[in-house]
Every structure is written in C-alpha cells, then in structure tokens.
Amino acid sequence: MNCDVHPSDVDAEHEPIFAGVDVGGTNIKVGLISDSGEVLRQSQFTTLQQRGPADAMKRAGNEIWNLAKECALEQNRIVSIGLGTPGPLDVSTGYILNPSNLPAWSNFAIRSCLQELVHRHVSFCNDANAAAMGEFWIGGGKQFDSLVLLTLGTGVGGGIVINDFLIEGAHSLGGECGHVTIDFSPSARICGCGQTGHLEAYTSATALVDRYCERAGIRTVEERPSAKQIAELAADDALAKAIVFETADFLSRGIAMLAHVVDPQAIILGGAMNFGGPNSSLGKEFLQRVRQAVAGQTFDVIGRQIQIEFASLGGAAGWIGAAAIARKQHHDSQAIINH
C-alpha cells in the first residue's frame, strides 16, 4: 500500500526510518515507518513456509530495500529492523523454536539470518507482543501508559506494555494471555496447546465455531460455518447471538484476572474476530457486554476506570510493533552512547 506522505516530505524531516517484518503462517508483512510514526510503505507476500525460513528472510530483506526504493529513500536512512514471529521463540538467542503453524522452521537462528542479509541491527520479538507495541505506539492504545492487548483469532494471543516496556518474561513467554486458565472443572475444554481450561479454548474463533456446532448439531466439516458467518447470523439467529455473547462472558473472566495482576489503564481487543468492531452494532454490543461483565468481577476502582476498546491498526499492528521495538532499542542504545 502506498503512503500518503510524499518522499520529498520524508526526506525533509531527516528522520531515522525503521522497518518491521511480521511473519505469519500464510503471509509475511513488511513496512517502513518514520521515527515520528508516519507509515511510509507496507506490503505483504506469501510465506511459502515449506521453502524454509532462510528463503523467507531473503525475500523479506529484499522487500525492505524495494520499499525504500519506492519511497526514494537511501538505504542508510533505515537504521534498524524489527522482526516478529510466532512463538515459541527465544528472544535472547534470536531463535524461532517450534511454531505450530510453521513446522519447517524449527530451531532456526532467524534473527541472525535476517541481520546478515540486511546488515542492520534486528530486534526480535513474539508477533503478539509486537502487535501490542504497535497499538501502544500509534494505535488504539496510544493515549495510555499501559495496556494489555488480546488478539482474538484462530487462537488467542496477547501482549503487555507498561510505561513503554514490553513484558517478554524470563523464557520469552511473557504476555501469553490466551493461556491463562479460566475453567478448572473436570469438563474444561481442551486448548490448542493441549492443556485444559485456557482462555483460548473458550474465546478463539475456533472455540466459538466449536461451541456453535455442538449446540446446533453440526457434525460435518462441510456444514461447519466460519466465525465470520456466525457473526453475520447473529442478527437473526438466537443461537449465534447467544454464542457471541457467551464468548464475551468467557473473555471477561480472562480480562478480570489480567486486570488484577497487571492493573493496566486499558485492555485492547485485536485480531480478526472483532464482530465488526466499533462500526458494527454487534461489535458494540459485544464490547459493552465485556465491559459490564469485567466491572462485575473486579475491584470497583478497576471496573470504573479500566478502558476496554477495540484495536485500530488491524493487520498492520504486527509489523508496526516490530518496528516500534526496533525504534525503542535504537533510541536506548543512542542514549547510552551519548551519555
């Protein structure tokens, strides 16, 4: 997608430029953004995961320079690059470990691979953490000092940012909010990770479809609707609407738990399953149901003051957040040098 900023305007600013790469199982998104948060260019290409991570990183590196050329930017204007991938990963070593949606990419030194190709420092992060940083920097959470992002999609991802600091944890698993346990009963649903009772097992798009099919008596793959189709049915189908609202109730349990642990100013809801978002009547009803349920399960001061909103960056949050992490690390290193 072309930028709204003319290349001459970008050059006049003399700002450092940061690149972001967001690796997904289907597509890889790449973009350039200025130090002040102006999106200059963004694009995507097919992951082709069976060709392996080295091939994908080579194409990502080439795409960064292609975008720079489109913006009439000298390559030296791009000072640092952020790379976000699915987990599990090891941030300290730069290895992607054994991602379920990228089976051919296990135990690969992906950060150093990209770094050697582009000859720039590469900051490495979990893709959901990157999305949280993106929303924190210029998205739905930009007015807050702290937030928790929950991404509702095939699974449930998460990220926690407090005062510009991303919580990554001792084992690069900080912010795995989809795997907090909300149901300890013997009949708790099985999560995609194999454990039971996790938030993801109740509030992902997969879980929503599973519950709808169980209650509607749908037993074949051919009859199985998508989460989007269930949302569309909710206007006239009482079961579909009940399943959507039930999802809001389950989600509120996880949010209430996270709110008491983190006490963030905001909870931002991202991911593909947003029921139309703030511009949809169903999205508004869903959000209001979540807010009311959270208020009923938290300390009064949390219930009254925590903001629960939809994310605003859509599919761009990951690469923007990866670039934001690269930007922060660049400024931190410059501050140390200049001290």
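Before any of the text, the structure's been laid out above.
Description of the structure in this document. (Residues numbered from 1 in each chain as written. Predicted model: local features only at pLDDT ≥ 70, side-chain atom pairs only at ≥ 80, totals over all residues. Heavy atoms only, no water.)

Check the secondary structure of the protein and you find eleven helices and twelve strands. The C-alpha atoms of the protein give 20 Å as radius of gyration, which agrees with the globular expectation for 339 residues (20 Å, within 12%). Looking at the 339 residues of the protein, the share that counts as buried comes to 53%. Here the analysis covers contacts within the protein between residues at least 6 apart in sequence; of these, 62% occur between residues at least 24 apart. Total accessible area computed for the protein in this model is approximately 15600 Å², and 49% of it derives from carbon and sulfur atoms. Measuring between centres, the 24 positive side-chain charges of the protein sit 3 Å from its 36 negative side-chain charges. (Helix = DSSP H or I, 4+ residues; strand = E, 2+ residues; numbered from the N terminus. Rg over C-alpha atoms; globule rule 2.2 N^0.38 Å. Buried < 20%, exposed > 50% of the residue type's maximum accessible area, 1.4 Å probe, protein only. Contact = heavy atoms within 4.5 Å. Areas by Shrake-Rupley, 256 points an atom, 1.4 Å probe, with all protein chains shown as cover. Lys, Arg positive; Asp, Glu negative; His and termini not counted. Charge placed at Lys NZ, Arg CZ, Asp CG, Glu CD.)

Let us now look at helix H9 (residues 281-295). The periodicity of an α-helix, 3.6 residues per turn, causes residues three or four positions apart to be oriented the same way. If you check H9, its first and last C-alpha atoms are 21 Å apart, about what 15 residues at 1.5 Å a residue would give, namely 21 Å. Turning to H9, its buried residues are Leu282, Gly283, Phe286, Leu287, Val290, Ala293 and Val294. Seen from one end, H9 has its buried residues packed into an arc of 135 degrees, which puts them on one side. Relative to its buried face, H9 has exposed residues pointing more than 90 degrees away, namely Ser281, Lys284 and Gln292. Packing partners of the buried residues in H9 comprise strand S8 (146-152), helix H7 (227-233), helix H8 (238-262), strand S11 (266-270) and strand S12 (307-310). Capping the start of H9, Ser280 holds a side-chain oxygen 3.1 Å from the backbone nitrogen of Leu282, two or three residues further along. (Expected span 1.5 Å × (residues − 1). Arc of directions from axis to C-beta. Polar contact = N/O pair within 3.5 Å; in protein donor to acceptor, adjacent residues only side chain to side chain.)

Next up on the list: the pattern of salt bridges. Per the stated rule, a full pass over the model turns up 13 salt bridges. For the salt bridge of Arg327 with Asp35, the shortest nitrogen-to-oxygen distance reads 3.0 Å. Linking Arg327 in helix H11 (residues 317-338) with Asp35 in the loop between strand S2 (27-34) and strand S3 (39-46), this pair joins segments that are 292 residues apart in sequence. A residue is classified by how much of its surface remains accessible, and Arg327, at 23% relative accessible area, is partly exposed. A salt bridge links Arg59 to Asp55; the nearest nitrogen and oxygen atoms lie 2.9 Å apart. (Salt bridge = Lys/Arg side-chain N within 4 Å of Asp/Glu carboxyl O.)

Turning our eyes to something else, we now look at the sheet that holds S3. A sheet is described by the order of its strands in space; here five strands give the open sequence S3-S2-S1-S4-S7, paired in mixed fashion. Among the strands making up the open sheet, the edge pair consists of S3 and strand S7 (121-126). Strand-to-strand twist across the sheet, computed as the mean angle between neighbouring axes with direction ignored, equals 15 degrees. Here strand S1 (residues 17-23) pairs with strand S4 (residues 78-85) via six bridges, running parallel. What sits directly across from Gly20, in S4, is Gly82. Running at roughly 145 degrees to S3, helix H2 (residues 53-70) makes contact with S1, S2, S3 and S4 of the sheet. Strands in contact with H11 are S1, S2, S3, S4 and S7; relative to S1, the strand with the most contacts, it is inclined by about 135 degrees. (Pairing = 2+ DSSP bridges. Axes fitted to C-alpha atoms, helices over the stretch in contact; angles between N-to-C directions.)

Where helix H6 (residues 205-216) meets H8, the axes come as close as 10 Å, and the angle between the chain directions of the two elements is 135 degrees. With respect to H8, the axis of H6 lies oblique. Crossing handedness for the pair H6 and H8: right-handed. Between H6, through Leu208, Arg211, Tyr212, Arg215 and Ala216, and H8, the contact on the second element is made entirely by Leu239, Ala240, Ile243, Val244, Glu246, Thr247 and Phe250. Among the residues making up the contact of H6 with H8, the classes are represented as eight nonpolar, one polar and three charged. (Parallel < 35°, antiparallel > 145°, perpendicular 65-115°, else oblique. Left-handed = near helix turned anticlockwise from the far one by under 90°. Nonpolar A, V, L, I, M, F, W, Y, C, P; charged D, E, K, R; others polar.)

On to unusual backbone geometry, then. The step from Gly87 to Pro88 runs through a cis peptide bond, and the omega angle for that step is 0 degrees. Relative to the helices and strands, Pro88 is located in the loop between S4 and strand S5 (89-90). With phi around 50 degrees, Leu48 is a residue other than glycine that occupies positive phi space. One can find Leu48 in the loop between S3 and H2. The exposure class of Leu48 is partly exposed, given its relative accessible area of 27%. Phi angles above zero are rare outside glycine, and His119 is one such case at about 55 degrees.

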